[in-house]
Structure formats: C-alpha cells, structure tokens
Amino acid sequence: MSHLTIALDIMGGDHGPHIILPAAKKALQEFPHLKIILCGPQTIMSEWVNTLPVTLQTRIVTSDCPQSVAMDESPTQAFRQKKQSSMRRMLDLVNEQQADACVSAGNTGALLTMAFYVLKTLPGIHRPALVSKVPVADNGRVYLLDLGANVNCDSEVLFQYAVMGSVLAEQVDDVPKPKVALLNVGVEDIKGNDQVKQTASSLLSTQAINYIGFVEGNDIFTEKADVIVTDGFVGNIALKSWEGLASFVIQEVKTASQQNWWRKILAAIALPLLKVIYTKMKPDQYNGASLIGLRGIVVKSHGNASSEAFLYAIRQAVREAEMQVPDKIKDKIEAVLMERH
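Residues numbered from 1 in each chain as written. Predicted model: local features only at pLDDT ≥ 70, side-chain atom pairs only at ≥ 80, totals over all residues. Heavy atoms only, no water.

**What to know about the overall build of the protein chain**
- Counting its secondary structure elements, the protein chain contains 12 helices and 11 strands.
- Once the C-alpha set of the protein chain is aligned to its principal axes, its extents read approximately 70 × 60 × 40 Å.
- Out of the 341 residues belonging to the protein chain, those deemed buried represent 51%.
- Approximately 15,800 Å² of the protein chain is accessible, and the part contributed by carbon and sulfur atoms is 52%.
- Put simply, the protein chain has 33 plus and 35 minus side-chain charges, and the middle of one group is 4 Å from the middle of the other. (Helix = DSSP H or I, 4+ residues; strand = E, 2+ residues; numbered from the N terminus. Buried < 20%, exposed > 50% of the residue type's maximum accessible area, 1.4 Å probe, protein only. Areas by Shrake-Rupley, 256 points an atom, 1.4 Å probe, with all protein chains shown as cover. Lys, Arg positive; Asp, Glu negative; His and termini not counted. Charge placed at Lys NZ, Arg CZ, Asp CG, Glu CD.)

Encoded structure:
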C-alpha cells in the first residue's frame, strides 16, 4: 500500500500518552508511508506534536476526544456511555474507512465489546478471536488463538478460528500451507471434550486447511504447528503462564546469585546466556494481539506495555493492513463454506 493510516487510542493502558506517543514517533520514522491519527485530549496531543520535526507533524492528524475508558470500567457501561472516548473514536475511524487499522492498550473487555458492535464480524464468522504469536524452537513463531475474547466456544467457532489463524500465518508471515492444530489434553483421537472432537472432525474433512491433529500444552513452544486453536479460557491461561514463567526464571537466577560467592560466579557465567533466552521469550516483542474476524483491523496491546512493546503492536497493525487480512479471511471463509456445502 502506498499510503497507510493507523488510528491510536492514546489514553488506553496503564501509562497512556507517556508510552504511546513516543511509540507513534518511532513508527512514523520506521514507516515512511505511514500516517497516524491520534485519538485523545487535544491539549495533550497538540503540545506533543509541536515538539516534533515538521516532516513528522505533516503525517499526524489529531482527533479530540473528551472521554476515555478506564481500565476497570464495565464493558457495557463503556459501550453505552463512552461514545466520545478515544477508544470508540479510533474504531469509528476504521469503520468510516478513514483509518486502515487501529491500536489500543485499553480495557480489553470494552475494546472487544465496542469493536464487535461498531465493526461487526465478517460474513460467515460468528465471533472474533484474539490471536498473538508466541516463540517456538529455532526462532520460529506460532499463532495461538483465542486468547480471551470468548471463554466458551462451540465447535463451529473453533473451526472458524482455525480458518482465520491459517490465513493470518499465511498472509502476514508468508507460511505456505500453515500447519493447524487443536490444543487438547492428549494427542489421541479419543481425548478431549465434544467441542474439540467435533472441530477435529470438521477440519479433517476440509481440504482448504492443513490440519495436523491434536497437540498438548508442552507442544506449544515446539515447531509442531504454525497455528494452535483453543477457546479463550484455556488460551488466556496458557499465554499468561508463559509470560509469567519468562520473568520468573530471570528473577530466580538474580535472587540465587546473591546468596554466596560461588553462586555469584555461576550466575555471572549463566546470566548472559539466560538473557539471550529471555530476550527471545520477552513478552514485549510479541505484544499486539489481533482481534480478527471483524470488518476492520484492531490490535490490542498489553495494558502495561512499554513504549517499545507498543511499537510492536503498531507494527502488527501495519503488517495486517498491508496484507489486507480481513479481505483474505473473507475469501477463505467463502471458499471453505462452498467446500463444506
């Protein structure tokens, strides 16, 4: 795409403009074809924009939003009462096709609710899904979905997740015939609940999806699959467990290294290697969960993301917009529906 416009909710997250605005500047420097629409209080935005070089100022538009959505606010209340919020405005800009994608670090429940009602789902998609990449062996990546958008999913919704995840891996990461798996309590056909078994049956009979079978939790970080599908309850717990483990390992090494001189020596030797591993697993560089299945591109950043992490979320939005992911999902769903009927 010759020109690309991303809308940002600058009031979302734990730190708001303090981390989002610097990330926006870096994104403009990184992508010469990018324009950004900032959604938030005009006084904050104007003061910041005036500090930028003129060449960057010309690629920024501000949209004054007198309201913001609190991180602990009820999603229903936010949807009904915060129609002039920065979160709602960025979604409206995508819906009105003034922006190609949008990014927020705000209240996840409110974002899901607003996005669902403002943008609507694509034809053939029942529910949107939150999906993100996690690291695997040999510097690989695997898409994991759903990460919390829907804690209860029937087999048809899981099937649609498999289709959407396959499109994302194929289009954004250029993976030919992505390997799609279902997360389960075992790899045997007899294992799992009825939803998982029914989903497996549907995927096995669909030639458009490269379904490879069940995987277990300890398979997530291997190269067995390019896309792993589960419901939002299991997916969210899996993601948070990985993020917590990455931080736990480094902290434990630091604590142990302070106990005696011998451990200090061992830690000094081991820490550089562990830091390499931690850098690979660091949640910041996988920040940016995509809310796919909508008639527009929405990327959700962690609420406590750093400026560097928020930049990763903007990059994800740029990649999806460049590849026109919603259109590709729509085409794939139509092809699958024709095959099934």
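**Looking at the sheet that holds strand β2 (residues 34-40)**
- One open sheet accounts for 11 strands, arranged β3-β2-β1-β4-β11-β10-β5-β6-β9-β7-β8; its pairing is mixed. A single partner strand is all that each edge strand has here, and the edge strands are β3 (60-64) and β8 (210-215). The sheet shows a mean angle of 25° between the axes of neighbouring strands, taken without regard to direction.
- Note that strand β5 (residues 129-136) and strand β10 (residues 289-292) share three bridges and pair antiparallel. Residue pairing across strands places Val-131 opposite Ser-290, the latter belonging to β10.
- Seen against the sheet, helix α5 (residues 86-95) touches β1 (4-9), β2, β3, β4 (101-104) and β11 (298-300) and runs at an angle of roughly 165° to β4.
- Taken strand by strand, helix α6 (residues 108-119) contacts β4, β5, β10 and β11, and its axis lies near 175° from that of β11. (Pairing = 2+ DSSP bridges. Axes fitted to C-alpha atoms, helices over the stretch in contact; angles between N-to-C directions. Contact = heavy atoms within 4.5 Å.)

**Digging into the pattern of salt bridges**
- As enumerated under the stated definition, the model contains seven salt bridges in all.
- The salt bridge partner of Asp-92 is Arg-88, with a shortest N-O separation of 3.2 Å. Placement of both Asp-92 and Arg-88 in helix α5 is noted, with a separation of four residues, approximately one turn of the helix.
- Of the charged contacts, one joins Glu-96 and Arg-89 as a salt bridge, the two residues approaching to 3.6 Å between their closest N and O atoms.
- Take Glu-96: its relative accessible area is 42%, and that puts it in the partly exposed class. (Salt bridge = Lys/Arg side-chain N within 4 Å of Asp/Glu carboxyl O.)

**Some remarks on the environment of Thr-76**
- Within the secondary structure, Thr-76 is located in helix α4 (residues 75-81).
- With relative accessibility at 40%, the residue Thr-76 sits in the partly exposed group.
- It is 21 Å that separates the C-alpha atoms of Thr-76 and Cys-153, two residues lying 77 residues apart in sequence.

**What about the side chain of Lys-133?**
- When you line up the elements, Lys-133 lands in strand β5.
- A distance of 3.4 Å separates polar atoms of two side chains, one belonging to Lys-133 and the other to Asp-173. (Polar contact = N/O pair within 3.5 Å; in protein donor to acceptor, adjacent residues only side chain to side chain.)

**Focus: the environment of Ile-19**
- Locating Ile-19 in the fold gives a position in helix α1 (residues 17-30).
- In this structure, the C-alpha to C-alpha distance between Ile-19 and Phe-310, residues 291 residues apart in sequence, is 7.5 Å.
- Setting aside residues up to four positions removed in sequence, Ile-19 forms contacts with Ala-305, Ser-306, Ser-307 and Phe-310.

**Considerations on the environment of Ser-307**
- In this fold, Ser-307 is placed in helix α11 (residues 307-323).
- Placed 224 residues apart in sequence, Ser-307 and Lys-83 show a C-alpha to C-alpha distance of 27 Å.
- What Ser-307 contacts, discounting residues up to four positions off in sequence, is Ile-19, Pro-22 and Ala-23.
- At 3.3 Å, the side chain of Ser-307 and the backbone nitrogen of Ala-23 are in polar contact.

**So, unusual backbone geometry**
- With an omega dihedral of 10°, the bond running from Leu-145 to Asp-146 counts as a cis peptide bond.
- Looking at where Asp-146 falls in the secondary structure, it is placed in the loop between β6 (140-145) and α7 (155-172).
- For Lys-120, which is not glycine, the phi torsion reads 65° and is therefore positive.
- For Lys-120, a relative accessible area of 43% translates into the label partly exposed.
- Even without a glycine there, the phi angle at Asp-174 is positive, about 55°.
- Residue placement: Asp-174 occurs in the loop between α7 and β7 (179-183).

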